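Secondary and tertiary structure notes
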There are 2 protein chains.
Amino acid sequence: MTIADYVKSHLHTDEPLPFPTQVVLLKKGSEITTVGQIEQRVYFLQRGMTEASIIKDDDHERIVDFFFDHNFFSSYTSFITQQPSNVRITCLTDCQLEIIERADLLHAYGTSLLANRLGRYITEQAYMAKTQREKDFLTKTAEQRYLDLIHNRADIIHQIPIHKIAKYLGIHPESLSRLRKSIIS
Amino acid sequence: MTIADYVKSHLHTDEPLPFPTQVVLLKKGSEITTVGQIEQRVYFLQRGMTEASIIKDDDHERIVDFFFDHNFFSSYTSFITQQPSNVRITCLTDCQLEIIERADLLHAYGTSLLANRLGRYITEQAYMAKTQREKDFLTKTAEQRYLDLIHNRADIIHQIPIHKIAKYLGIHPESLSRLRKSIIS
């Protein structure tokens, strides 16, 4: 799926994209955005899987998001504010990405209703995902959040190494191992 | 400050608002949005303070957000998806609100660049606030988050009852009391 396909299916229009895009292929392990970099792009994952992570004060990594086929992603706070990114985005598999340059998007925002509709739509989706995650942190135990992940993302959970899932849940890998054993038994 | 003033100062345009608004006064303790309601409005706080809360499985309340003068707020996931709200929004003080009806906003989104720019801008701000809170949950202790709150919101923290701050931090009021004592000593 391309960004044009996404626009057609989610915004119900055949209007051509109001900005140029380019497609790149990246190998598993490639860093897309580094910590400290000022984000200048929005990415659409045509194929593959990426992760966004942050580093805790104690040097431990935490994963804030996984992205899959047909997701938009970016170090979006950095993209909006043009402050250095505090997340790192990495390819978990070989990836095929479609890229929108910030300058092109801002230019389109100035005149194109479609660009603004798309920007608002994607931002709404990102907002709702973050809100859900906040509610989960406030109201659910790590065990409940793990069970939700198994339930909601059964198709992809097996592709993610277990130590990365622990970093996403915000718990130690040993705690997650104990959790898995108690669920299985 | 009105929504028109907000648009002028944040979006740098004198264009008139592309939707009607109405101003209402509500007493302290009034419920603006109830759990289970489908949100049909976006609110701008001309004056006052509100809170958004959710109920945990164990019947304990958690506060997801406080809103102050010149903030937009809404049960925004419900507003977008038109699913029942799982947050409740309440006036913590007497409030003067300016209201945009969803039907008016969606109508404006269909034709107005300014409506889409404003919708995108407000959603970006909401996204960034949620992202910051997610990072805080993943990387900071309750003590650090409390110190941040004192530091960043010194102007308003004293207006919020201490048991509400505990609900916002996701900890027991007793834990917050101990924390406050250890900080003071």
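Above: the structure in question.
So, a few notes on the structure that sits alongside this text. Source: prediction; values computed, not measured.

Conventions used here
Residues numbered from 1 in each chain as written. Chains lettered and ligands numbered in written order. Predicted model: local features only at pLDDT ≥ 70, side-chain atom pairs only at ≥ 80, totals over all residues. Heavy atoms only, no water. Pairing = 2+ DSSP bridges. Helix = DSSP H or I, 4+ residues; strand = E, 2+ residues; numbered from the N terminus. Phe/Tyr/Trp six-rings, centres within 6.5 Å; stacked < 30°, edge-to-face > 60°. Buried < 20%, exposed > 50% of the residue type's maximum accessible area, 1.4 Å probe, protein only. Lys NZ or Arg CZ within 6 Å of the ring centre and 35° of its normal. Least-squares fit on C-alpha atoms with pLDDT ≥ 70 in both. Contact = heavy atoms within 4.5 Å. Core = buried A, V, L, I, M, F, W, Y, C linked by side-chain atoms within 4.5 Å. Buried area = accessible area lost by both parts, 1.4 Å probe. Salt bridge = Lys/Arg side-chain N within 4 Å of Asp/Glu carboxyl O. Polar contact = N/O pair within 3.5 Å; in protein donor to acceptor, adjacent residues only side chain to side chain.

What follows concerns the sheet that holds strand S3 (residues 41–47) of chain A. Residues and elements named next belong to chain A. An order of S1-S8-S3-S6 is seen for the four strands of this open sheet, with the pairing classed as antiparallel. Looking at strand neighbours, the two that pair on one side only are strand S1 (22–26) and strand S6 (72–73), the edges of this open sheet. Direction of pairing for S1 relative to strand S8 (residues 95–101): antiparallel, over a ladder of five bridges. Paired with Gln-22 across the bridge in S8 is Ile-99.

So, about the packing of aromatic side chains. Applying the stated criterion across every chain yields a total of 19 aromatic pairs over all chains. On the basis of an interplanar angle of 65° and a centroid distance of 5.3 Å, the ring pair of A:Tyr127 and B:Tyr76 is categorised as edge-to-face. In this pair, A:Tyr127 is assigned in helix H4 (residues 113–139) and B:Tyr76 in helix H2 (residues 76–81), connecting two distinct chains. Overall, the relative accessible area of 8% leaves A:Tyr127 in the buried class. Members of the aromatic cluster, each reached through a chain of ring pairs, are A:Tyr6, A:Phe44, A:Phe72 and A:Tyr121. Positioned above the aromatic ring of A:Tyr109 is the side chain of B:Arg120, whose terminal nitrogen or guanidinium carbon lies 3.4 Å from the ring centre.

Once chain B has been moved 0.0 Å along the axis and rotated by 180°, it coincides with chain A to within an RMSD of 0.0 Å. Here the symmetry operator amounts to a two-fold rotation axis.

Residues and elements named next belong to chain A. Of note, Ile-162 is situated in helix H7 (residues 162–169). Taking relative accessible area as the criterion, Ile-162 reaches 35% and is therefore assigned partly exposed. Spatially, the C-alpha atom of Ile-162 lies 7.5 Å from that of Pro-173, the residues being eleven residues apart in sequence. The contacts of Ile-162, once residues within four sequence positions are left out, are Tyr-146, Leu-176 and Arg-180.

The next thing to look at is the nonpolar core. Judged by nonpolar contacts, the single largest core of 44 residues is most densely connected at A:Phe72, A:Leu118, B:Phe72 and B:Leu118. Apart from the residues lying within four places of it in its own chain, the contact partners of A:Leu118 are A:Tyr6, A:Val7, A:Leu11 and A:Phe19. A:Ile54, A:Val64, B:Phe73 and B:Ile99 belong to the second-largest nonpolar core, a separate cluster that totals 32 residues.

Many authors give the size of an interface as the accessible area that is lost as the parts come together. Counting residues at the interface gives 37 residues for chain B and 37 residues for chain A. Three residues stand out in chain B for area buried against chain A, namely B:Arg120, B:Tyr127 and B:Leu138, and they jointly supply 21% of the buried area on that side. Across the chain B-chain A interface, the total number found is four salt bridges. Here A:Lys130 ties to B:Glu134 by a salt bridge, and the two come within 2.7 Å at their closest N and O atoms. For the interface between chain B and chain A, the tally reads eight residue pairs in polar contact (both at pLDDT 80 or more).

This part is about the pairing of strand S7 (residues 88–91) of chain B. Residue and element names in this part refer to chain B. Relative to S7, strand S2 (residues 31–33) is paired through two bridges, and the arrangement is antiparallel. Bridge pairing in S7 places Glu-31 opposite Thr-90. Relative to S7, strand S4 (residues 50–55) is paired through four bridges, and the arrangement is antiparallel. Its bridge partner being in S7, Glu-51 is matched across the sheet by Thr-90.

Time to look at the environment of B:Glu51. Residue and element names in this part refer to chain B. Mapped onto the elements, Glu-51 comes out in strand S4. Residue classification places Glu-51 among the buried residues on the basis of a relative accessible area of 2%. Sequence-wise, Glu-51 and Phe-72 are 21 residues apart; in three dimensions their C-alpha atoms are separated by 12 Å. Apart from the residues lying within four places of it in its own chain, the contact partners of Glu-51 are Glu-61, Ile-63, Asp-65, Phe-66, Arg-88, Ile-89, Thr-90, Leu-92 and Lys-164.

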